[in-house]
Amino acid sequence: GQQLNQNPQSMFIQEGEDVSMNCTSSSIFNTWLWYKQDPGEGPVLLIALYKAGELTSNGRLTAQFGITRKDSFLNISASIPSDVGIYFCTAVDSNYQLIWGAGTKLIIKP
Amino acid sequence: DAGVIQSPRHEVTEMGQEVTLRCKPISGHNSLFWYRQTMMRGLELLIYFNNNVPIDDSGMPEDRFSAKMPNASFSTLKIQPSEPRDSAVYFCASSPLYGYTFGSGTRLTVV
């Protein structure tokens with residue numbers, strides 16, 4: 001089946017640092033979505049990407065839809081404590097269903 | 001809009017008991033999804049409905065699991081009988097096409 005490889009699995013960072021994570025697939029997708037899950041809550045949509053090469057920002061978050069349509073990247077600039085959580089990449093398949101990455105857990109060092 | 005509403009938030013039950021999880025999707029969203037999340041397996045799609053009709057239930061683990069959507073504003077996920085390995089967080093999500101909105105989940109503990 002279709003799979004997304006999301007890296008890294010977890011990140012320990014200092015407050016103020018920039019964060020990068022990525023998602024790759026052997027399959028081509030036409031839509032990529034990035035979600036964040038806070039502890040005890042459901043995932044929340046952060047950014048949606050609809051066009052290869054597209055770069056979209058949402059505040060300190062920037063996501064890119066890879067030109068090959070097989071990957072996507074998420075960057076967080078100047079991290080703050082409320083950025084902790086699990087970030088999921090997802091891709092929309094031909095049946096409009098979401099294929100999920102395993103998630104990147106972001107932990108900020110005290 | 002109140003978002004996707006799930007109840008209860010927490011459920012603790014004894015093995016063998018019937019458990020019913022409830023979901024109210026966002027009005028106007030024609031797709032509804034039930035997911036299960038565990039540390040070991042991450043997010044797993046159990047079943048999804050489109051316009052109240054079950055489209056794909058291949059993710060439902062066993063016959064002990066069943067889901068219904070009697071109308072556009074309500075869905076249930078039932079486990080009968082429940083087992084300790086069913087312990088997980090169960091999420092409901094609704095979507096107009098994609099870009100799901102998730103509920104806050106039901107944390108189920110079967111002892």
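Placed above this text is the structure.
Residues numbered from 1 in each chain as written. Chains lettered and ligands numbered in written order. Predicted model: local features only at pLDDT ≥ 70, side-chain atom pairs only at ≥ 80, totals over all residues. Heavy atoms only, no water.

For chain A, the helix and strand inventory stands at zero helices and 11 strands. Along chain A, helices and strands appear, N-terminal first, in the series β-β-β-β-β-β-β-β-β-β-β. In terms of C-alpha radius of gyration, chain A reaches 13 Å, essentially the compact-globule figure of 13 Å for 110 residues. With the C-alpha coordinates of chain A rotated into their principal frame, the extents come out at 40 × 25 × 20 Å. Looking at chain A as a whole, 45% of its 110 residues qualify as buried. Partitioning the contacts of chain A with sequence separation of at least 6, the portion at a separation of at least 24 is 51%. Accessible area for chain A stands at about 5,500 Å²; split by element, carbon and sulfur atoms hold 50% of it. The positive charge centre, built from 7 side chains, and the negative charge centre, built from 9, are 6 Å apart in chain A. (Helix = DSSP H or I, 4+ residues; strand = E, 2+ residues; numbered from the N terminus. Rg over C-alpha atoms; globule rule 2.2 N^0.38 Å. Buried < 20%, exposed > 50% of the residue type's maximum accessible area, 1.4 Å probe, protein only. Contact = heavy atoms within 4.5 Å. Areas by Shrake-Rupley, 256 points an atom, 1.4 Å probe, with all protein chains shown as cover. Lys, Arg positive; Asp, Glu negative; His and termini not counted. Charge placed at Lys NZ, Arg CZ, Asp CG, Glu CD.)

Under the definition given, this model contains 12 aromatic pairs over all chains. Centre to centre, the rings of A:Phe29 and A:Trp32 are 5.7 Å apart; their planes meet at 80 degrees, and the pair counts as edge-to-face. For A:Phe29, a relative accessible area of 1% puts it in the buried group. Centre to centre, the rings of A:Phe88 and A:Trp100 are 5.6 Å apart; their planes meet at 85 degrees, and the pair counts as edge-to-face. With a gap of 12 residues between them, A:Phe88 in strand S9 (residues 85-92) and A:Trp100 in strand S10 (residues 98-100) connect regions that are remote in the sequence. Assigned by exposure class, A:Phe88 and A:Trp100 land together as buried. Joined through ring pairs, the aromatic side chains of A:Tyr35, A:Phe88, A:Trp100, B:Phe33, B:Tyr35, B:Tyr48, B:Phe91, B:Tyr100 and B:Phe102 make up one cluster. (Phe/Tyr/Trp six-rings, centres within 6.5 Å; stacked < 30°, edge-to-face > 60°.)

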